[in-house]
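Chains, contacts and geometry: an overview
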Amino acid sequence: MVFHVNDVTTNLTEEQPSFCNNLNAEDFNESKGIPNSRIIIIATVEKQEHYDDYMIALNSTKCYASHFGYSIQLLNVTDKPIYQKQCKHPDFFFKRHCILGIFMKEHIKDYDFILYIDADMGIINPCHRIQDYIDKSQSIEMIFYERYFNYEFAAGSFLIRNTQFSRSFLKYWADYNYRLPDSFHGTDNGAIHQVLMELHFFDPKDKFQCFHLWNISKGYDDLFAYEACTKHALYSNSVNFINNKVKILPKMDQQRWVRDTWLTDTKWSSKDFMFHGWKISLSLDTFMYPFLDKFDLTKCQHGDNKFENFKYVPELVRSDEEIHEILLNKTLFVHAKYNNLLKYLNITCKNGFRRVNGECNGY
């Protein structure tokens, strides 16, 4: 069984019971036929001085990786001359995808799967294996997810196979830095939507059916309208994308591995794995420090199922049902806004139905 709220004492002076009873000794070396040594967690940092701001997230992720024997790599954009030579993108958010592609090619014989994360993403609950989030289908090479609070496909984390397709995808995405419209474009998070449109559809008319909204975007509302348009276009055509090589997880999908910490005011349950938004500079505004003590990385040993660093502030640990209800309510609220926006943009009819040959037949 996984760590449940009822197992946690509310008395800080008592010892917290052990958890992660769902894991066995083999899980610290291999799971679902995939050796842990073939998986790497990667984050990209722009400047050395940024490390301190990400320390909560980085320490929790380093500790988790040590327990399971996953590799972890922090890529600094100035680490290697090849990064500077081949990744001249002026926007860091695009540059990081170029650098990731180079790293993957350099380590094609070392790693089969990459969990890419923003540097402010950390482990809230180590009772999950990365293999739990790898799709069973061999055809799926890249997995993205929807954000909860809007219509975006998130750019900050994705789970990918180290294949020629995924490396080419990253290059195409990175190079969109040079093709951005002269608008409020949302950098790589806006661009990922157009990348998916251009690589998924074959007809140029279909590829650029939402581009005009991106081209005239002047703020977040306009950007979200563009993203809603692309979401509708893609989901109207397929479930998976680009010849079934790319999967996008819906808001409530159990396969998603990370969510924003502020969505539940840092409250979490056994089904959570990673949190996004752990910056020390934002801790008073967007999240509470969830652990009882600072991380001692010397206690993070491969195969150790005690997870001594993962001791929690009890009031933040909640039931699966409570967290599910909070997220579901947010999902339903955003979905209603999404449907209304599609009607406002004349993408769907007033009754919410899709247009047929561009017509609503009076509705």
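Refer to the preceding data block for the structure.
Residues numbered from 1 in each chain as written. Predicted model: local features only at pLDDT ≥ 70, side-chain atom pairs only at ≥ 80, totals over all residues. Heavy atoms only, no water.

1. Examining the overall build of the protein chain
For the protein chain, the count of helices and strands is ten helices and eleven strands. Against the compact-globule benchmark of 21 Å for 363 residues, the protein chain has a radius of gyration of 21 Å, which places it among compact chains. Taken over the C-alpha atoms alone, the protein chain extends approximately 65 × 50 × 40 Å along its principal axes. Expressed as a percentage of the 363 residues in the protein chain, the buried residues total 54%. Counted over contacts in the protein chain with a minimum sequence separation of 6, partners at least 24 positions apart contribute 72%. Summed over all atoms, the accessible surface of the protein chain reaches about 17,200 Å², with 51% contributed by carbon and sulfur. (Helix = DSSP H or I, 4+ residues; strand = E, 2+ residues; numbered from the N terminus. Rg over C-alpha atoms; globule rule 2.2 N^0.38 Å. Buried < 20%, exposed > 50% of the residue type's maximum accessible area, 1.4 Å probe, protein only. Contact = heavy atoms within 4.5 Å. Areas by Shrake-Rupley, 256 points an atom, 1.4 Å probe, with all protein chains shown as cover.)

2. Observations regarding the packing of helix H3 (residues 92–106) against helix H5 (residues 187–200)
The contact between H3 and H5 brings their axes to 8 Å, and the two run at 60°. In this view, H3 runs oblique relative to H5, as classed from their interaxial angle. Facing Phe 93, Phe 94, Arg 96 and His 97 of H3, the residues of H5 in contact are Thr 187, Asp 188 and Ala 191. When grouped by side-chain class, the residues that make up the contact of H3 with H5 number three nonpolar, two polar and two charged. (Axes fitted to C-alpha atoms, helices over the stretch in contact; angles between N-to-C directions. Parallel < 35°, antiparallel > 145°, perpendicular 65-115°, else oblique. Nonpolar A, V, L, I, M, F, W, Y, C, P; charged D, E, K, R; others polar.)

3. As for the pattern of salt bridges
Tallying each qualifying case throughout the model produces 17 salt bridges. Arg 259 is paired through a salt bridge with Asp 272; the nearest N and O atoms lie 2.8 Å apart. Within this pair, whereas Arg 259 is found in strand E10 (residues 258–260), its partner Asp 272 is found in the loop between E10 and strand E11 (274–276), the two being separated by 13 residues in sequence. The pair Arg 259 / Asp 272 is uniform in exposure class, with both members buried. Several salt bridges share partner residues, and in doing so they unite Asp 27, Lys 32, Arg 129 and Asp 132 into one network. (Salt bridge = Lys/Arg side-chain N within 4 Å of Asp/Glu carboxyl O.)

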